[in-house]
Amino acid sequence: MADPETIRTIVGIIGNVISFFLFLSPGPTFVKILKAKSVMEFKPDPYIATVLNCAVWVFYGMPFVHPDSLLVITINGFGLAIELLYVSIFFIYSDWAKRRKIIIALIIEAIFMAILIFITLTFLHGTKDRSMLIGIVAIVFNVIMYTSPLTVMKKVITTKSVKYMPFYLSLANFANGIVWAIYALLKFDPYILIPNGLGSLSGLVQLILFATFYRTTNWDEDEKEVELSISKSTKSDV
């Protein structure tokens, strides 16, 4: 029979695979942006927020902060890279006003991380205290990230349309939350358990809404918006 540490490693690897697809799930959105050469009505906010979230978790997984967390570092390191790519695409296809907001947001995040790292390494000398501080910060950002779809959920209920709530992203959020919650329970880690427990609940609610309003969604509108944006982009290039 496998020991708990081996089981935890296997669950962590499964969590890495699911998180990998979770980070890639916005891909269709960026295909639309690239085709239209415009960000249309899409917003960079979730991706900018996830950049900071991944950076905090990478720091949390460092051996001098929270030992034995290599799987936390690997997936969040990948997440950090892919989210920066998404933000870069937004930056390229946005007007100057939006670009300025992106630049300001990234500078603020970089300053925040620098201060957090300085305080942790300068004033906290044990992994227990460091884990607690970074863990609490990570929980706060995860909760913000997982509650951000609330505005989208409200729009779904109001419009009876799930057009702007991608199914695969909701499914990946649910599965990701479940697997990482199990990972945290196998070697009790409240800093991973709390946000991922909330994440699985958020994903479940989104899946229920998707099932409820799928039939009342006008999917043709989405294609018309992309075609209109492509047309505008082509005219502006002439």
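The structure under discussion appears in the preceding block.
Just so we're clear, the structure is a prediction, and the values are computed from it rather than from any experiment. (Residues numbered from 1 in each chain as written. Predicted model: local features only at pLDDT ≥ 70, side-chain atom pairs only at ≥ 80, totals over all residues. Heavy atoms only, no water.)

Q: Looking at this structure, how should I read the overall build of the chain?
A: Secondary structure summary: the chain contains 10 helices and zero strands in total. Along the chain, from the amino end to the carboxyl end, the secondary structure elements read α-α-α-α-α-α-α-α-α-α. Residue pairs in contact within the chain that sit at least 24 positions apart in sequence constitute 79% of those at least 6 positions apart. For the chain, the exposed surface amounts to about 13200 Å²; the carbon and sulfur share of it is 72%. (Helix = DSSP H or I, 4+ residues; strand = E, 2+ residues; numbered from the N terminus. Contact = heavy atoms within 4.5 Å. Areas by Shrake-Rupley, 256 points an atom, 1.4 Å probe, with all protein chains shown as cover.)

Q: Looking at this structure, how should I read the pattern of salt bridges?
A: A side chain of one charge can pair with a side chain of the opposite charge if their charged atoms are brought near each other. In this structure the tally under the stated criterion is two salt bridges. Between Arg8 and Glu5 there is a salt bridge, with its nearest N and O atoms 3.9 Å apart. Remark: Glu5 and Arg8 occur in helix 1 (residues 4–24); sequence separation between them is three residues, near one turn of the helix. In this structure, the salt-bridge partner of Asp68 is Lys187, at a minimum N-O distance of 3.6 Å. Taken together, the residues Asp68 in the loop between helix 3 (45–60) and helix 4 (70–92) and Lys187 in the loop between helix 8 (167–186) and helix 9 (190–213) connect sequence positions 119 residues apart. (Salt bridge = Lys/Arg side-chain N within 4 Å of Asp/Glu carboxyl O.)

Q: Can you walk me through the side chain of Asn76 in this structure?
A: By secondary structure assignment, the location of Asn76 is in helix 4. Look at Asn76 and you get buried, because its relative accessible area is 10%. From its side chain, Asn76 meets the backbone oxygen of Val72 in a polar contact 2.8 Å long. If we ignore the near neighbours within four places in the chain, the residues touching Asn76 are Cys54, Trp57 and Val58. (Buried < 20%, exposed > 50% of the residue type's maximum accessible area, 1.4 Å probe, protein only. Polar contact = N/O pair within 3.5 Å; in protein donor to acceptor, adjacent residues only side chain to side chain.)

Q: Looking at this structure, I do not really get unusual backbone geometry. What am I missing?
A: The bulk of non-glycine residues show a negative phi, and the bulk of peptide bonds are trans. Positive phi is not limited to glycine here, since Lys37 has a value of about 55 degrees. Structurally, Lys37 can be placed in the loop between helix 2 (27–36) and helix 3. At Asp68, a position not held by glycine, the phi torsion is positive, near 60 degrees. Since its relative accessible area comes to 55%, Asp68 is described here as exposed.

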